[in-house]
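Spelled out, the chains give:
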Amino acid sequence: MEIADWETRYLEAVSNVREQLGNVQGVFVAYNSNVDAMKHIREEELKKLIGIIGQDKLRERIVEYPREIKDPVDFMARLIIAMRDGKAAEVPTYTTDIHEWLMDNLVFDSARMGGQAGIMSNLLVTLGVKNVITYVPWLSREQAEYFVDSPNLKHPVIENGKLILKHPKEAYDPQQKPKINWIIEFSKGMKFRCAGEEFEVPRDNRLIISSRPNWLRIDMSPEMYEQLPDIRESIDGAILAGYQMIKEEYEDGTTYRDYVQRAVSVIERLKGCNPQMRIHVEFTSIQNKVIRKALLTDIVKKHVTSLGLDTVEVANALNVLGYEELAYSVINKGENSIVSLYEGAVRLLKELELQRVHIHSLGFYICVVSKDHPLGADDQRQALLFASALAATQATLGSIKDLDDISVGLGVPVYDQGYDDLIELEKYLVRRGICTAEDFEDGCISADGHNLIIVPSKVVKDPVATVGIGDAISAGAFVALLAKMPKINICKITE
Ligand code: ADP
């Protein structure tokens, strides 16, 4: 199929999904929302901060390479390292002291919704989904401000022993402190002197200071947990993210096992008697391998139906599941990396007993679907194309304010390089006798029955912003599938 044919498929898919979105009753989205404080740092500001900390202290700390931010010296050392190398980095901090220091000495340019669950909740409301029930265990007054104003967005609260739904601005806990992450962006070409050396930033990039105060828990109150089934009737599925916040051990003696168990119980409660309830988990990079493995083998496996991830995350997931060689070939961007990605997706589908694995990369999206998934290849493909048009819209505009904005994304051309990668995979599958060229375009069913759906994506040359595009892709594709799902209330039928 030619690129022009893909463009036609895009138009059809977006038009179909738009018509069907009204079929979605609702989506539950949890857990991680935070406030992103954005700062584009300038040369004079950097010079001032280096002056406050002092060159000698900084020199020592840069050599030590702090893995967490305990004080302003750690912060400045990681900022200098990120700027020197032009590399993106995310470093946790477990106190709110650094936030106060940054407020006193730097101040942010702007603030916005951050965190996968927060970003996806707002996007779903913007797309017109009727009931978006968002849940943040640490809903503060400041956090509530960043949710879009819409009666379709609700947060559960317990009042007089009963679960009720209210807009986050009416549901926050006034005692709760906000979780504020700092995103410090820097530009290529910035020059600075530090520890006796002269540096020039080689690439635009960013340092994220992610706030992990000790009150952060992936959890809910016992009353809310008990009454969670009350929301089941108003949702078709759930998107869950933020499990990377789980720590191995807590000060009160609890461990990750307690929180993994609670996370599974929440999923069970959401499903109730309806095994058809769609549960999507959005993966992310998790440095701690114990937590990464526990998320995959204890939370995702058997309990979740759908998993979304990018290519680096595929490698990280394969790695902890014992497929080191495959993980290596996924990130080793050789000619065969698309083949390895496909094989990795199949491994994840099988190993984690999923119905759907959706991988997004710059240029194409791969989705492998088990034979027991209720939707066929056409519907799956349309969901991916809709997601790609959303991603291109977000990359062009910076944020999506209305579903009509999607025409902007539709106008972005299909990415040649992604199309070429597709052809690479097609040749491989045809050579191996896994499917014919015709099958490849319509969904490629393997001998054991799983189906491969792959689309070339639309890529924006000079994106306004790239943060949160992965979340838009996964949430967009998931909600498009919910819109297409046959509506059978199994609980009612079996009663
Ligand atoms: P994030 O967590 O910030 O959303 P991810 O790595 O999960 O980051 O997702 C980034 C995805 O966004 C990529 O896989 C790619 O599909 C998409 N993307 C990135 N840049 C562009 C762009 N310029 N145009 C269209 N899509 C993009």
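A few points about the environment of Leu228
Thinking step 1. Along the chain, Leu228 falls in the loop between α9 (222-227) and β12 (237-241).
Thinking step 2. Under the relative-accessibility criterion, Leu228 is labelled buried at 1%.
Thinking step 3. Put simply, Leu228 and Gln394 are 166 residues apart on the chain and 33 Å apart in space, counted from C-alpha to C-alpha.
Thinking step 4. Setting aside chain neighbours within four positions, we find Leu228 in contact with Leu163, Met220, Val266, Arg269 and Leu270.

Let's talk about empty space enclosed by the protein
Thinking step 1. All chains considered together, the criterion is met by two cavities of 30 Å³ or more.
Thinking step 2. Counted as a void, the largest cavity has a volume near 60 Å³.
Thinking step 3. Every residue lining the largest cavity is listed: Met1, Trp6, Tyr419, Leu422, Ile423, Glu426, Phe440, Glu441 and Ile454.
Thinking step 4. The leading source of residues in the lining of the largest cavity is helix α17 (residues 416-431), at four residues.
Thinking step 5. Volume-wise, the second largest cavity comes out at about 40 Å³.
Thinking step 6. Around the second largest cavity, the lining residues are Arg278, Thr305, Ser306, Gln355, Arg356, His373, Phe478, Leu481, Leu482 and Met485.
Thinking step 7. Looking at the lining of the second largest cavity, the element that brings in the most residues is helix α19 (residues 469-484), giving three residues.
Thinking step 8. Its residues assigned to classes, the lining of the second largest cavity shows four nonpolar, four polar and two charged.

Remarks on the side chain of Ser361
Thinking step 1. With respect to the helices and strands, Ser361 occurs in the loop between β15 (356-360) and β16 (364-369).
Thinking step 2. Leave out the neighbours within four places in its chain, and Ser361 touches Thr311 and Ser457.

Topic: unusual backbone geometry
Thinking step 1. Between Ala30 and the following residue, Tyr31, the backbone shows a cis peptide bond with an omega angle of 5 degrees.
Thinking step 2. When you line up the elements, Tyr31 lands in strand β1 (residues 26-31).
Thinking step 3. Phi at Tyr65 takes a positive value of approximately 55 degrees, unusual for a residue other than glycine.
Thinking step 4. Summarising the element assignment, Tyr65 is placed in the loop between α3 (55-64) and α4 (72-85).

Section: the side chain of Ser33
Thinking step 1. On the secondary structure map, Ser33 appears in the loop between β1 and β2 (34-40).
Thinking step 2. For Ser33, a relative accessible area of 0% translates into the label buried.
Thinking step 3. Sequence-distant contacts of Ser33, that is, excluding residues within four places in its chain, are made with Met113, Gly114, Gly115, Ala117, Gly118, Val136, Trp138, Gln143 and Phe147.

Thoughts on the pairing of strand β14 (residues 306-310)
Residues in a regular strand point their side chains to alternate faces of the sheet.
Thinking step 1. Across the five residues that make up β14, a large majority, four, are buried.
Thinking step 2. For strand β13 (residues 278-282) and β14, the ladder comprises three bridges, and the chain directions are parallel. Across the sheet, Glu282 pairs through a bridge with Gly308, a residue of β14.
Thinking step 3. Traced from β13 through helix α11 (residues 289-300) to β14, the parallel crossover comes out right-handed.

What to know about the packing of aromatic side chains
Thinking step 1. Using the criterion set out here, one finds six aromatic pairs in the structure.
Thinking step 2. Ring plane angle 75 degrees and centroid distance 6.1 Å describe the contact between Tyr31 and Tyr135, whose orientation is recorded as edge-to-face. Of the two residues, Tyr31 sits in strand β1 while Tyr135 sits in strand β5 (residues 131-135), which places them 104 residues apart along the sequence. Of the two residues, Tyr31 and Tyr135, both sit in the buried class.
Thinking step 3. Here the basic side chain of Arg262 rests over the ring of Tyr259, its NZ or CZ set 4.8 Å away from the ring centre.
Thinking step 4. If you follow Arg269 out to its NZ or CZ, it ends over the ring of Tyr225, 4.8 Å from the centre.

Some remarks on the sheet that holds β14
Thinking step 1. With mixed pairing, 11 strands are arranged side by side in an open sheet as β7-β6-β5-β1-β12-β13-β14-β15-β16-β18-β17. Looking along the sheet, the strands with just one partner apiece sit at the ends: β7 (162-166) and β17 (444-445).
Thinking step 2. Pairing between β1 and β12: five bridges, direction parallel. Residue pairing in the sheet places Ala30 in a bridge with Leu240 of β12.
Thinking step 3. Against the sheet, α17 touches β16, β17 and β18 (451-456), its axis set at about 150 degrees to β18.

Definitions and limits used
- Residues numbered from 1 in each chain as written.
- Predicted model: local features only at pLDDT ≥ 70, side-chain atom pairs only at ≥ 80, totals over all residues.
- Heavy atoms only, no water.
- Helix = DSSP H or I, 4+ residues; strand = E, 2+ residues; numbered from the N terminus.
- Buried < 20%, exposed > 50% of the residue type's maximum accessible area, 1.4 Å probe, protein only.
- Contact = heavy atoms within 4.5 Å.
- 1 Å grid on protein atoms, 1.4 Å probe; cavity = no way out; pocket = protein on both sides within 12 Å on 5 of 7 lines; lining within 4 Å.
- Points joined across faces, edges and corners; volume = space filled by probe spheres on them.
- Nonpolar A, V, L, I, M, F, W, Y, C, P; charged D, E, K, R; others polar.
- Pairing = 2+ DSSP bridges.
- Right-handed = clockwise from strand over helix to strand, strands pointing away.
- Phe/Tyr/Trp six-rings, centres within 6.5 Å; stacked < 30°, edge-to-face > 60°.
- Lys NZ or Arg CZ within 6 Å of the ring centre and 35° of its normal.
- Axes fitted to C-alpha atoms, helices over the stretch in contact; angles between N-to-C directions.

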